[in-house]
Amino acid sequence: TRGRKVLYLLLFSLFSGLCMSTKLNGIMLFVIFFISNILVFLMSKEKKVTHILYGALPIIIGFIIFVSLNPFTYSDPIKNSQYMFNSRMKTAIAQARAFTESSIQPGQGVKKIFENFYFSERTQYFNGIKIYEQLGLLKNHGTYLFVLFSFGFVYTLKLALKKNETAMVILCTFITILAFMNHYLILDWERYYAHLPLFFVLFQSLGLFFVIPYVYKYSKLLTERAINRARK
C-alpha cells in the first residue's frame, strides 16, 4: 500500500511459503497478513480493488510453494495439506499423553503463556532481566514487567484506534498468534514459545517509554517539595 514496491510483497510471499514448508505453524504468517490487510483496507480512505488482490497474492504464492516442496500433497493438494495438519495435531496429542507433566489443557494456551512470561518460577528463563537479578528483585520482577506490558499494550491499542498502521499490524500479529497458540499449544515445551519474546519485549519497552515521563514529573515534584520543606 501507499506506493510500496510489489517486490516486497513477492519476497514476503516467498519467505512465508518457505516458513510454512519448514514448519506447519508458518501458516500464521498468511493469516496475520490477511487480517492486517483487511483492517488497513477498511480504515483507509481510498478503497481500491487492487488492495484486496494484493492481499490474496501471498496466500496463492505461499500455497504453491508449500505444495511444490511437499510431494505428498501432489495428488490432492488441499486434502493432503489438511491431512498433514491433522496428523501433526494427533502427534502432539499423543506426546501430551506421554509427557503428562508438560501437558496443557485445551484452551489454556494463553493462560500458560502469561504464566511462563510473568507469573511462574520459570519467568526468569522466559522473560528475565539481568539487572533485576543483581538488585535482588528476581522474586517480583515478573509482576513489574507485567505492569509495563499492560501500559505498552494499552498505548499500542490507543495508537491503533487512531489508525496508526504500524500499531494495527503489531496488535493484529500478537493477537493472532495468541489465538493460534490457544488452540494448538498443548505441550509446555520451551521451544514452542520462541516467537513470543519479541512481542513481550516490545510492549514492555513501550510501557517503559510511556511511564518514564510520569516518573520524571513525579520525582521532580517530590524533589521540589523536599527542597521547600528544607527551606522552611
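Trainee: So what exactly am I meant to see when it comes to the environment of Leu 18 here?
Mentor: If you trace the backbone, Leu 18 turns up in helix H1 (residues 6–22). Residues Leu 18 and Phe 66, 48 residues apart in the sequence, show an inter-C-alpha distance of 6.9 Å.

Trainee: Can you help me understand the layout of surface pockets in this one?
Mentor: In this approach the atoms are scanned with a rolling probe the size of a water molecule, which exposes any empty space left behind. Estimates place the volume of the second largest pocket at around 480 Å³. Along the walls of the second largest pocket sit 17 residues, with Asn 25, Phe 85, Arg 88, Met 89 and Tyr 184 positioned nearest its centre. Secondary structure elements with two or more residues in the lining of the second largest pocket: helix H4 (77–98) and helix H9 (165–184). Residue contributions to the lining of the second largest pocket peak at five residues, all from H4. A class-by-class count of the residues in the lining of the second largest pocket yields 12 nonpolar, three polar and two charged.

Trainee: I'm lost on the environment of Gly 17 in this one. Help?
Mentor: Within the fold, Gly 17 resides in helix H1. Residue classification places Gly 17 among the buried residues on the basis of a relative accessible area of 0%. For the pair Gly 17 and Tyr 214, spaced 197 residues apart in sequence, the C-alpha to C-alpha distance is 45 Å. Here Gly 17 is in contact with Phe 30, Gly 62 and Ile 65, once residues within four sequence places are set aside.

Trainee: Which parts of the structure should I look at to understand the packing of aromatic side chains?
Mentor: For any pair of aromatic rings, the description rests on two quantities: the centre-to-centre distance and the angle between the ring planes. Counting across every chain of the model gives 30 aromatic pairs. Plain terms: the ring middles of Phe 149 and Phe 203 are 5.6 Å apart, the flat faces sit at 85 degrees to each other, and that makes the pair edge-to-face. With Phe 149 in helix H8 (residues 141–161) and Phe 203 in helix H10 (residues 197–231), this pair connects stretches of sequence that are 54 residues apart. Among the residues examined, Phe 203 registers a relative accessible area of 0% and is labelled buried. With centroids separated by 5.8 Å and ring planes inclined at 40 degrees, the aromatic side chains of Phe 174 and Phe 199 adopt a geometry described as tilted. Highlighted residues: Phe 174 in helix H9 and Phe 199 in helix H10, separated in sequence by 25 residues. A relative accessible area of 1% places Phe 174 in the buried class. The positively charged end of Arg 191 is found above the aromatic ring belonging to Tyr 192, 5.0 Å away from the centroid. A cation sits over an aromatic face here: Lys 217 above Tyr 214, 6.0 Å from the ring centre.

Rules of the game
Residues numbered from 1 in each chain as written. Predicted model: local features only at pLDDT ≥ 70, side-chain atom pairs only at ≥ 80, totals over all residues. Heavy atoms only, no water. Helix = DSSP H or I, 4+ residues; strand = E, 2+ residues; numbered from the N terminus. 1 Å grid on protein atoms, 1.4 Å probe; cavity = no way out; pocket = protein on both sides within 12 Å on 5 of 7 lines; lining within 4 Å. Points joined across faces, edges and corners; volume = space filled by probe spheres on them. Nonpolar A, V, L, I, M, F, W, Y, C, P; charged D, E, K, R; others polar. Buried < 20%, exposed > 50% of the residue type's maximum accessible area, 1.4 Å probe, protein only. Contact = heavy atoms within 4.5 Å. Phe/Tyr/Trp six-rings, centres within 6.5 Å; stacked < 30°, edge-to-face > 60°. Lys NZ or Arg CZ within 6 Å of the ring centre and 35° of its normal.

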